[in-house]
Amino acid sequence: MPIKSPFESSIAKPGEGKVVLSLLPPSNPTLTTLTYKYPLKLLTRTPGFVPKSSALTCPSQPVHLYLLTYGGGLLPGDKINVSITLEPRTRMVVTTPQGSTKIFKTEPNASVKGQRGTPKPLLSDKSSQTLNVHVGQEAALCYLPDPAVPYQDSRYEQVQTFTVEGSTSSNDNPRRSSLCILDWVTQGRASRGEAWDFHLWRGKNEVWTTTEESGKRKLLLRDSLILDRELDEAQLERGDPELLKHTNVIRERTHPHGVVGTLILYGPVFERLATFFMDRFTSLPRIGARNWSSSPAVASGSAATEPTPNFDAQVTFTAARVRAGFVLVKFGAPDFAAAKDWLGAILRDEGSVYAEFGEEALFCL
Amino acid sequence: MAVKITIRDLEQEIIDLESRLQHARKRLALASASPSTPLPLHSDMDQDLTPAKALSSSAAHALLLLSDSALPLGSFAYSSGLESYLAHNKPLPRTVTPVASFHRFLKLSIASMASTSIPYVLAAYRSPGDLETLDNDMDASTPCIVAQRASLAQGRALIGVWERAFRVTYAAGTALTPPASAAVMAIAEFSHALKSCADTEDELGPKGHLAPLWGVVCLAMGMDARQTAYVFMVNHAKAVLSAAVRASVMGPYQAQSVLASQRLQDMITERIEREWDTPVEDAGQIVPPLDLWVGRHELLYSRIFNS
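Notes on the structure follow. For clarity, every value in this text was computed on a predicted model and none was experimentally measured.

1. Observations regarding the packing of helix 5 (residues 131–141) of chain B against helix 8 (residues 210–220) of chain B
Residues and elements named next belong to chain B. It is the contact of helix 5 with helix 8, at a shortest axis distance of 8 Å, that shows an interaxial angle of 155 degrees. In terms of their interaxial angle, helix 5 and helix 8 are classed as roughly antiparallel. Along its contact with helix 5, which presents L131, L134, D135 and M138, the element helix 8 presents A211, P212, L213 and V216. Considered class by class, the residues forming the contact of helix 5 with helix 8 number seven nonpolar, no polar and one charged.

Shown next as structure tokens:
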């Protein structure tokens, strides 16, 4: 047996990746582990940005992690599985520099023919992405990716699990982890006329914590969205494509939006941003109040008080301070650009993402 | 795995109970002229089931109690987003009538309620011992505080009704089946935890969401799993329709005719069927705008409902 190559990945399965970010003394963020395997590619960079003003005392430099896949998307059957550990006091920015995560669909007859002996000619293989992030005390994750774009007839499932520390005892524990997670999905390639024409998109974001007393895992937050055409094989075999196009339950259920998404904010680093969102939501003009105004153009009337009127008018959003200090922002917008502009404007306007992680954290917005 | 085995055991029991209930349903259909309690009709109603008469009548009685619109849960105070939906879709395009718009909402609301809550109802029914975990997970999975408030108020009211009214009869019953007594225990434990937590203000303590409690209370009252899920959904439909009447979308007779319609029955049955084996981990929102409508209820200038 030859000497084991030091470059050989310790990860056997394709699509798996592992990242561990540690803080070496005195305050030097270092990736102690970074492995990945095709079709996944992970790149990192430390831009040398030092947070000048921060919600935490002595913040460390944020390290950037780029999630890449060969071809910029996922093919049926692709399984991405990334595990990230942020040790205490580290900071990481995760972005998708290739633009939106495309969920492709290939003609299953041509590609899987006879290979696995699975007689599944009509529904394509599911592609999936699993992300597991452990965020240590006083560590912060800023995950603002581009949206997922599921192509027609694609099937996709994504589970993102985050584990935070220091949360159970009290909500204002300054040592607890911080999270900013954006998860959004669009109706597909709108320019090609796709409007929620995929078969399945299932996205789940969970935040867990370990209770100090018993060591048991406790679910703090679960945000789960299921967009399912509810088609089965038999239906696809029977139905003609035109009829199927007209009975699209996903389109019915997402109407009138072309993109829907969730932003999860948690922890001291994002507290100010969370409050900003809450204030913005509660100060929205009352629905129905416009009837009392003399002119029908109340939207522009109330706009005088709003700094960015056009975005709020296009984007329907709600912000709620749910439990354990989480602020959950849900939004729906007619198209990707509207949502992006709206979110980008708010995050830049408020400025804490910029101050804590640098301009590049807002790369996708 | 443990859950699977329990499910199988329970399902065996359900088959047994269900056959007994056929008889009860048949009698119920004859006895009740009111259309306000549409029940799933099964074709094989002509079985002779006299030996289990005592049990079936008690389950039917529980069914009537829990589906009664006078059950003091305060469900009528919530429109489940209808009020907000109407405000967000105003003015309607000329081609869409208010009733058609309402039907769209009802369909979305039922689908969404089933996908988010039925897995919890059934999980609590199948393993009442997990009530506290299910309650926590339900709380974690409800993204909007308006919906959360509605679920909590009704869930706590259900505990109240159980303790003050139903427990006397159902917990002290002589013929308490093992699952029913487990359910009684689970409610008692949960209620105790709820009360002791009320003082400590533990934000992550037990909450009292409606869906898991519904499952456990129905189990304690001897209903079968299908009925539990079905009545839960019918009650939701009733609440939405009652809200529609009060929001002047339709008249009371029209609302009753929707409630009685085969379409609604099929819709509910189909949704329950779809969620029958869904584990709670996979429960989720299938109508994303509903979260927005419900969450934005607070922004309405005038409100007649709590949600």
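Let's pick the thread back up.
2. What about the packing of aromatic side chains?
All names here are of chain A. This model, assessed by the stated rule, comprises 16 aromatic pairs over all chains. Look at F317 and W342: their rings are 5.0 Å apart centre to centre, the planes differ by 50 degrees, and that puts the pair in the tilted class. Separated by 25 residues along the polypeptide, F317 in strand 17 (residues 316–321) and W342 in helix 8 (residues 336–350) bring together distant segments of the chain. Take F317: its relative accessible area is 0%, and that puts it in the buried class. The class for W342 is buried, based on a relative accessible area of 0%. Connected via pairs of aromatic rings, a cluster forms that spans W184, F277, F281, F317, F331, F336 and W342. When the ring centre of Y266 is taken as origin, the NZ or CZ atom of R176, which lies over that ring, is 5.2 Å away.

3. Some details on the interface of chain A and chain B
Each partner contributes residues to the interface: chain A has 41 residues there, and chain B has 40 residues. Summing both sides of the interface, chain A and chain B together bury roughly 3600 Å²; the carbon and sulfur share of this comes to 55%. On inspection of chain A and its partner chain B, the count reaches six salt bridges. Between E252 of chain A and K107 of chain B there is a salt bridge, with the nearest N and O atoms lying 3.0 Å from each other.

4. Thoughts on the nonpolar core
Side chains of nonpolar character tend, in soluble globular proteins, to be buried together. Judged by nonpolar contacts, the single largest core of 82 residues is most densely connected at F102, W162 and W214 of chain B. With 14 residues, helix 4 (residues 98–126) of chain B is the single largest residue contributor to this core. When sequence neighbours within four positions are dropped, the list of residues in contact with W214 of chain B reads L66, L71, L73, V121, L158, T228, V231, F232 and N235 of chain B. Ranked by size, the runner-up nonpolar core spans 46 residues in total, among them V19, V185, V207 and A324 of chain A.

5. So, helix 5 (residues 271–282) of chain A
Each α-helix winds once per 3.6 residues, and so residues spaced three or four apart point in a common direction. All names here are of chain A. In a regular helix each residue adds 1.5 Å, so 12 residues correspond to 16 Å; helix 5 covers 16 Å between its end C-alpha atoms and thus fits that length. Residues L273, A274, F277, M278, R280 and F281 constitute the buried set of helix 5. Viewed end-on, helix 5 has its buried residues packed into an arc of 165 degrees, placing them on one side of the element.

6. A word on the side chain of T278 of chain B
Residues and elements named next belong to chain B. Relative to the elements of secondary structure, T278 occurs in the loop between helix 11 (262–275) and helix 12 (288–295). A polar side-chain atom of T278 sits 3.0 Å from a polar atom in the side chain of E275. In this structure T278 touches P119 and A283, once residues within four positions along its chain are discounted.

7. Description of the sheet that holds strand 12 (residues 155–164) of chain A
All names here are of chain A. An order of 2-1-6-9-12-14-15 is seen for the seven strands of this open sheet, with the pairing classed as mixed. Every interior strand has two partners, whereas the edge strands, strand 2 (28–36) and strand 15 (217–228), have only one. Here the strands of the sheet are splayed against their neighbours by 10 degrees on average, with no regard to which way each runs.

8. Observations regarding the pairing of strand 7 (residues 91–95) of chain A
Residues and elements named next belong to chain A. Across the five residues that make up strand 7, a large majority, five, are buried. Of the two faces of strand 7, the one holding R91, V93 and T95 and the one holding M92 and V94 are both buried throughout. In this sheet, strand 7 lies alongside strand 4 (residues 62–69) in parallel orientation, the contact comprising five bridges. Its bridge partner being in strand 7, H64 is matched across the sheet by V93. In the sheet, strand 7 pairs with strand 10 (residues 140–143) via four bridges, with the strands oriented parallel. Note on strand 10: the bridge partner recorded for M92 is L141.

9. Here's the deal with the environment of G284 of chain B
Of note, G284 of chain B is situated in the loop between helix 11 and helix 12. Take G284 of chain B: its relative accessible area is 6%, and that puts it in the buried class. A sequence separation of 37 residues divides G284 of chain B from A247 of chain B, and the C-alpha atoms of the two residues are 28 Å apart. Those residues in contact with G284 of chain B that sit more than four places away from it in its chain are S224 and I226 of chain A together with S115 and T116 of chain B.

10. Points about the pairing of strand 18 (residues 327–333) of chain A
All names here are of chain A. Counted residue by residue, strand 18 has seven buried out of seven residues, so it is predominantly covered. Covered by surrounding structure in strand 18 are V327, V329, F331 and A333 together with L328, K330 and G332, the residues of both alternating faces. The pairing of strand 16 (residues 259–266) with strand 18 spans seven bridges and is antiparallel. Bridging from a neighbouring strand, I264 pairs with L328 of strand 18. Of the strand pairs in this sheet, strand 17 and strand 18 are connected by six bridges, and their pairing is antiparallel. Paired with T316 across the bridge in strand 18 is G332. Between strand 17 and strand 18, which follow one another and run antiparallel, lie five residues, and A324 among them has a positive phi close to 55 degrees.

Parameters at a glance
Residues numbered from 1 in each chain as written. Chains lettered and ligands numbered in written order. Predicted model: local features only at pLDDT ≥ 70, side-chain atom pairs only at ≥ 80, totals over all residues. Heavy atoms only, no water. Axes fitted to C-alpha atoms, helices over the stretch in contact; angles between N-to-C directions. Helix = DSSP H or I, 4+ residues; strand = E, 2+ residues; numbered from the N terminus. Parallel < 35°, antiparallel > 145°, perpendicular 65-115°, else oblique. Contact = heavy atoms within 4.5 Å. Nonpolar A, V, L, I, M, F, W, Y, C, P; charged D, E, K, R; others polar. Phe/Tyr/Trp six-rings, centres within 6.5 Å; stacked < 30°, edge-to-face > 60°. Buried < 20%, exposed > 50% of the residue type's maximum accessible area, 1.4 Å probe, protein only. Lys NZ or Arg CZ within 6 Å of the ring centre and 35° of its normal. Buried area = accessible area lost by both parts, 1.4 Å probe. Salt bridge = Lys/Arg side-chain N within 4 Å of Asp/Glu carboxyl O. Core = buried A, V, L, I, M, F, W, Y, C linked by side-chain atoms within 4.5 Å. Expected span 1.5 Å × (residues − 1). Arc of directions from axis to C-beta. Polar contact = N/O pair within 3.5 Å; in protein donor to acceptor, adjacent residues only side chain to side chain. Pairing = 2+ DSSP bridges.

Keep in mind that these numbers describe shape and distance, not what the molecule does.
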